[in-house]
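Residue-level structure breakdown
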Amino acid sequence: MAYSEKVIEHYENPRNVGSLDKNDPNVGTGLVGAPACGDVMKLQLKIGDDGVIQDAKFKTFGCGSAIASSSLVTEWVKGMTVDQAMEVKNTKIAEELNLPPVKIHCSVLAEDAIKAAIADYKAKRAR
Amino acid sequence: MALKLPIFMDNHSTTPVDPRVLEAMLPYFTTDFGNAASRTHVFGWRAEEAVEQARGHVAALIGASAKEIVFTSGATESDNLAIKGAAWFHKGRGNHLITVETEHKAVLDSMKRLEKEGFQVTYLPVETDGRVNLGKLEAAITDKTLLVSIMLANNEIGVIQDLVAIGELIKRKNKLTLFHTDAVQGIGKVPFDVEAARVDLASLTAHKMYGPKGVGALYVRRKPRVRIDPIIDGGGHERGMRSGTLNVPGIVGFGMAAKIAKDEMAAEGMRLLALREKLRKEIQARLPETFVNGSLEHRLPGNLNISFGYVEGESLLMALKELAVSSGSACTSASLEPSYVLRALGIGEEMAHSSLRFGLGRFNTEEEVDHVVSTIVEKVERLRALSPLWEMFQDGVDLKSIQWEAGAHH
Ligand SMILES: Cc1ncc(COP(=O)(O)O)c(C=O)c1O
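Residues numbered from 1 in each chain as written. Chains lettered and ligands numbered in written order. Predicted model: local features only at pLDDT ≥ 70, side-chain atom pairs only at ≥ 80, totals over all residues. Heavy atoms only, no water.

With that settled, the discussion passes to the pairing of strand 2 (residues 69-72) of chain B. Residues and elements named next belong to chain B. Neither face of strand 2 is exposed, since Ile69 and Phe71 on one face and Val70 and Thr72 on the opposite face are all buried. As paired elements, strand 2 and strand 8 (residues 216-220) share four bridges and run antiparallel to each other. The partner of Ile69 across the bridge, within strand 8, is Tyr219. (Buried < 20%, exposed > 50% of the residue type's maximum accessible area, 1.4 Å probe, protein only. Helix = DSSP H or I, 4+ residues; strand = E, 2+ residues; numbered from the N terminus. Pairing = 2+ DSSP bridges.)

Here we come to the packing of helix 2 (residues 42-61) of chain B against helix 7 (residues 248-286) of chain B. All names here are of chain B. At a closest axis distance of 8 Å, the pairing of helix 2 and helix 7 adopts a crossing angle of 35°. Classified by chirality, the crossing of helix 7 by helix 2 is left-handed. Of the residues in helix 7, those in contact with Ala47, Ala50, Val51, Ala54, His57, Val58, Ala60 and Leu61 of helix 2 are Val248, Ile251, Val252, Phe254, Gly255, Ala258, Lys259, Ala261 and Lys262. Residue composition of the contact of helix 2 with helix 7, grouped by class: 13 nonpolar, two polar and two charged. (Axes fitted to C-alpha atoms, helices over the stretch in contact; angles between N-to-C directions. Left-handed = near helix turned anticlockwise from the far one by under 90°. Contact = heavy atoms within 4.5 Å. Nonpolar A, V, L, I, M, F, W, Y, C, P; charged D, E, K, R; others polar.)

Another point: the site of the ligand. Residues and elements named next belong to chain B. Inspection of the region around the ligand gives 13 residues, with Thr76, Asp182, Gln185, Thr205 and Lys208 positioned closest. Here an oxygen atom of the ligand sits 2.6 Å away from a polar atom, N or O, in the side chain of Thr76. Relative to its unbound accessible area of 400 Å², the ligand is 84% covered by the protein chains. When residues of the shell around the ligand are assigned to their parent elements, the largest contribution, three residues, is made by helix 3 (residues 75-89). Residue classes in the shell around the ligand are distributed as three nonpolar, seven polar and three charged. (Near = heavy atom within 4 Å. Polar contact = N/O pair within 3.5 Å; in protein donor to acceptor, adjacent residues only side chain to side chain. Areas by Shrake-Rupley, 256 points an atom, 1.4 Å probe, with all protein chains shown as cover.)

This part takes up a positive patch on the surface. Residue and element names in this part refer to chain B. Taken together, the side chains of Lys67, Arg222, Lys223, Arg225, Arg227 and Arg239 define a basic patch exposed on the protein surface. Of note, Arg222 is situated in the loop between strand 8 and helix 7. For Arg222, a relative accessible area of 37% translates into the label partly exposed. (Patch = residues over 30% accessible without salt bridge, like charges linked within 9 Å, V, L, I, M, F, W, Y side chains within 5 Å. Salt bridge = Lys/Arg side-chain N within 4 Å of Asp/Glu carboxyl O. Lys, Arg positive; Asp, Glu negative; His and termini not counted. Charge placed at Lys NZ, Arg CZ, Asp CG, Glu CD.)

What follows deals with the pattern of salt bridges. All names here are of chain A. Enumeration over the complete set of coordinates arrives at 35 salt bridges over all chains. For the salt bridge of Glu75 with Arg15, the shortest nitrogen-to-oxygen distance reads 3.1 Å. In this pair, Glu75 is assigned in helix 2 (residues 64-77) and Arg15 in the loop between helix 1 (5-12) and strand 1 (27-34), connecting sequence segments 60 residues apart. A residue is classified by how much of its surface remains accessible, and Glu75, at 38% relative accessible area, is partly exposed.

All names here are of chain B. Ordered in space as 9-10-13-12, the four strands form an open sheet in which the pairing is antiparallel. Looking at strand neighbours, the two that pair on one side only are strand 9 (290-292) and strand 12 (326-327), the edges of this open sheet. Sheet topology places strand 9 next to strand 10 (residues 303-308); three bridges connect them, and they run antiparallel. For Val292, the partnering residue across the bridge sits in strand 10 and is Ile306. Here helix 7 sits on the sheet in contact with strand 9, strand 10 and strand 13 (355-359), set at roughly 15° to strand 10.

Here we come to the packing of aromatic side chains. Summed over all chains, the structure comprises six aromatic pairs over all chains. Judged by centre distance (5.5 Å) and plane angle (35°), the rings of Trp390(B) and Phe393(B) are tilted. Of this pair, Trp390(B) and Phe393(B) both sit in helix 12 (residues 388-394), separated by three residues, roughly a single helical turn. What makes Trp390(B) buried here is its relative accessible area of 14%. Taken together, the ring pairs connect Tyr310(B), Trp390(B) and Phe393(B) into an aromatic cluster. A cation sits over an aromatic face here: Arg382(B) above Tyr11(A), 4.9 Å from the ring centre. Arg384(B) extends its terminal NZ or CZ atom over the ring of Trp390(B), reaching a point 4.3 Å from the ring centre. (Phe/Tyr/Trp six-rings, centres within 6.5 Å; stacked < 30°, edge-to-face > 60°. Lys NZ or Arg CZ within 6 Å of the ring centre and 35° of its normal.)

Looking now at the sheet that holds strand 2 of chain B. All names here are of chain B. Ordered by their spatial adjacency, seven strands build an open sheet running 2-8-7-6-5-3-4, and the pairing between neighbours is mixed. For this open sheet the edge positions go to strand 2 and strand 4 (120-124), each flanked by a neighbour on one side alone. Pairs of neighbouring strands in the sheet enclose a mean axial angle of 20°, with direction left out of account. With three bridges connecting them, strand 6 (residues 178-182) and strand 7 (residues 201-205) associate as parallel partners. Counted as the bridge partner of Asp182 is Ser203 from strand 7. Here helix 3 sits on the sheet in contact with strand 2, strand 3 (96-100), strand 5 (145-149), strand 6, strand 7 and strand 8, set at roughly 165° to strand 7. Its contacts with the sheet put helix 4 (residues 105-116) on strand 3, strand 4, strand 5 and strand 6, and the angle it makes with strand 3 is roughly 155°.

Here it is, written out as structure tokens:
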């Protein structure tokens, strides 16, 4: 399979790899996908009391397109409000990375990861 | 010798043509271009002579006689011809065929086609080491069983079946049941003899043994005579079993490849085994959580199929762009399913996604192996640093205890 230049660039220089403290009340953690399906993304967002995303970190088990999709969204969501981040669509991710049809699910997973991280953050806050 | 990149370690997919093979082929494209079926002039006679010499070399490699070799376009055709041809010819006698879950698609899909025509097919499972359980095979053979098809060596995991024991068992249980083997991956790599294994039909292909692509053969036993229907009708070439003008240069190349294989197999096997073991031992010594898929003992000398836990195969391939190997990961196949061969061993899907297949061949060097080991170690470590699963494993989390949501594409 031929990869787009942007996928290769993110794959070779992934942004914001790492982990945040999952017990921090300001950190939301999203873990999506399944090992049996060949991709798992962990996305963590550190969200300020003003609702702005201050930091984002990821780790991904998956193909190059999955790694690139998660790397890209960590860049995008930093500085967004939670509401803005909820609006990030997989189609935008796929378009930015030139993903071929068989790799669209990677962008779907990245969108799911944002939503899961925010849901985790909100659940923590509600407690 | 300076290391040349990229490095080809995918010799189960195909092999380069040996220069000695190419040299033997060349005259048959130009000066000696005749049709081997032309009986009226020297061009035809020369072509025929060359084909017959090649037929002898191919036969000698497998302990057959020249008249038992039918040239085809490759092993896909040979598998189709053996299985469909035998089933069609003998359908008055029974309706049952047996094969194994880990066979090549050319075998499995021929069987599927026959199922649509009303034949019954038993797909035997394999043990966790990739080998057929003889007890299960014995239990599956009935008086209606026309044919059993079991490969010599598997194309993904390199696991070698005990064809001598299997042949003995088949003939003991039902002496009319035909025994076909897809011998493609084992030919010229490990000893194989049609008499010792009591094989009736055997599929071969040139391009996995340093010959050209697009030429293969089906061994069809003469004593006792094995009858099959052709699947290609026409001028009646190859004793009516495979019509079509013979691919003379291809066949000459196949013959030379067979001759070289016979002469050099023993020495080459030892050299490849040493390289393979170096590759395996160094990877496993330097990287924890790596697992060899399938029997190590009963394995082609040049094969290593290994899973790198917590690393996805396609992303690893992407990091290894100067190295040609293949992966059982779903992402590398059109179907988005991980390798059915690995899954038949009972290993988890995540481990199938994490696998790489190395196929060492005649032209690989120790220097290449050293380079591959250091590259793999570096890249696996980098990808593990990026892997949430590796992090969870390091933290002592049992990945099986987590409720994973199914991915969007399943
Ligand atoms: C075990 C096995 N059988 C059959 C084939 C098909 O051979 P061919 O490419 O000559 O059609 C292959 C190669 O892909 C193989 O590995």
